[in-house]
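# Structure assessment
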Amino acid sequence: MKIGTFSIKIWRWFSMLMVFGALVWTYSVFPEQIAFDFAASGLAEIYVNKEHLFYIVMAFFVLNNVVLSAFARQIPKIDASHFPIPKKNIWAQHREELNEHLINWLYTVVSSINTIIALSLLALATINSSQYNLTVFDFAWVSYVGLALMILIFLLPLRLLKTPVPKEEDTY
């Protein structure tokens, strides 16, 4: 297993644990009504019940992890000519590397979405807490982190523009 594949799998599992931890912790500290949407002035406009938020986030988490992971498991079964990639005929000859790139990319999408969900839950819990005196503007960095992750994710397939190098065999 390559180090990139290993680190993506670790990130994926860590991000799932992060979402579970954030869900459990935030559910225990949330008030019954959670300020969910904020005006430009920073005042809450829309409130939602904490149970509804919990079930919505959990459904999105399950959908993200189950559907994208199931699709990633189907990658080796799909013919290489059906992928929207450049130089399909060359990549078809190096199918193991192509599978690894595509599966890693899908797992990176899953991990990034999980990370954004966890950070957003923690920020929302802190904003709704009476213990801390932080506003919604103090957590603007969460949107920038999410944007940076999404840009990085959609730049990763550019690796497929470079064709794989054939492995040298020992002739001894």
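Refer to the preceding data block for the structure.
Quick look at the structure, then.

About the cut-offs
- Residues numbered from 1 in each chain as written.
- Predicted model: local features only at pLDDT ≥ 70, side-chain atom pairs only at ≥ 80, totals over all residues.
- Heavy atoms only, no water.
- Salt bridge = Lys/Arg side-chain N within 4 Å of Asp/Glu carboxyl O.
- Helix = DSSP H or I, 4+ residues; strand = E, 2+ residues; numbered from the N terminus.
- Axes fitted to C-alpha atoms, helices over the stretch in contact; angles between N-to-C directions.
- Parallel < 35°, antiparallel > 145°, perpendicular 65-115°, else oblique.
- Contact = heavy atoms within 4.5 Å.
- Nonpolar A, V, L, I, M, F, W, Y, C, P; charged D, E, K, R; others polar.
- Pairing = 2+ DSSP bridges.
- Expected span 1.5 Å × (residues − 1).
- Buried < 20%, exposed > 50% of the residue type's maximum accessible area, 1.4 Å probe, protein only.
- Patch = residues over 30% accessible without salt bridge, like charges linked within 9 Å, V, L, I, M, F, W, Y side chains within 5 Å.
- Areas by Shrake-Rupley, 256 points an atom, 1.4 Å probe, with all protein chains shown as cover.
- Phe/Tyr/Trp six-rings, centres within 6.5 Å; stacked < 30°, edge-to-face > 60°.
- Lys NZ or Arg CZ within 6 Å of the ring centre and 35° of its normal.

All told, the structure shown has 1 salt bridge when counted by the stated rule. A salt bridge links glutamate 100 to lysine 2; the shortest N-O distance between them is 3.4 Å. Residue glutamate 100 is found in helix H4 (residues 95–128), and its partner lysine 2 is found in the segment before helix H1 (3–29); the two are separated by 98 residues along the sequence.

Quick look at the packing of helix H2 (residues 50–74) against H4 now. At a minimum axis distance of 8 Å, the contact between H2 and H4 shows a crossing angle of 170°. One element, H2, and the other, H4, form an angle in the roughly antiparallel class. On H4, the residues that touch Leu53, Val57, Phe60, Phe61, Asn64, Asn65, Leu68, Ser69, Phe71, Ala72 and Arg73 of H2 are Ile103, Leu106, Tyr107, Val109, Val110, Ile113, Asn114, Ile117, Leu121 and Leu124. When the residues that make up the contact of H2 with H4 are grouped by side-chain class, the tally is 16 nonpolar, 4 polar and 1 charged.

Here we come to the pairing of strand S1 (residues 33–38). Residues in a regular strand project their side chains so that they alternate between the two faces of the sheet. As paired elements, S1 and strand S2 (residues 44–49) share 5 bridges and run antiparallel to each other. Bridging from a neighbouring strand, aspartate 37 pairs with isoleucine 46 of S2. Hairpin connection, S1 to S2: the antiparallel pair is bridged by 5 residues, and glycine 42 has positive phi, about 100°.

Okay, H1 next. In a regular helix each residue adds 1.5 Å, so 27 residues correspond to 39 Å; H1 covers 38 Å between its end C-alpha atoms and thus fits that length. Taken together, the buried positions of H1 are occupied by Thr5, Ile8, Arg12, Ser15, Met16, Val19, Ala22, Leu23 and Thr26. Next to the buried residues of H1 lie H2 and H4.

Here we come to H2. For H2, which comprises 25 residues, the first-to-last C-alpha distance of 36 Å matches the rise-based estimate of 36 Å (1.5 Å per residue) to within 8%. Of the positions making up H2, those classed as buried are Lys50, Leu53, Val57, Phe61, Asn64, Asn65, Ser69 and Ala72. Buried residues in H2 make contact with H1, S1, S2 and H4.

Turning next to the packing of H1 against H2. In the contact formed by H1 and H2, the axes pass within 11 Å of each other and the chain directions differ by 170°. As far as their axial angle goes, H2 and H1 are roughly antiparallel. Of H2, the residues touching H1 (which contributes Arg12, Met16, Val19, Phe20, Leu23 and Tyr27) are Lys50, Glu51, Phe54, Val57, Met58, Phe61, Asn65 and Ser69. Looking at the contact of H1 with H2, its residues break down into 9 nonpolar, 2 polar and 3 charged.

Secondary-structure assignment places threonine 115 in helix H4. Ignoring any residue separated from it by four or fewer positions in sequence, one finds threonine 115 in contact with Trp11, Ser15, Met18 and Leu149.

To continue, consider the side chain of serine 112. With respect to the element layout, serine 112 can be found in helix H4. The contact partners of serine 112, leaving out residues within four places of it in the chain, are Trp11, Leu149, Met150 and Ile153.

So, on to a nonpolar patch on the surface. Taken together, Phe60, Val62, Leu63, Val66 and Val67 make up a surface patch of nonpolar side chains, about 450 Å² in accessible area. Position of valine 67 among the secondary structure elements: in helix H2. Looking at valine 67, the relative accessible area reads 46%, which means it is partly exposed.

Turning our attention to the packing of aromatic side chains. Inspection of the entire model under this criterion finds 4 aromatic pairs. Ring centres of phenylalanine 54 and tyrosine 55 lie 5.4 Å apart, and the angle between their planes is 70°; this geometry places the pair in the edge-to-face category. Of the residues examined, phenylalanine 54 reaches a relative accessible area of 25% and is grouped as partly exposed. Among the aromatic residues, those joined into a cluster by ring pairs are Tyr27, Phe54 and Tyr55. Between arginine 12 and the ring centre of tryptophan 13, over which it is positioned, the NZ or CZ distance is 5.3 Å.

Geometric values such as these leave the question of function open.
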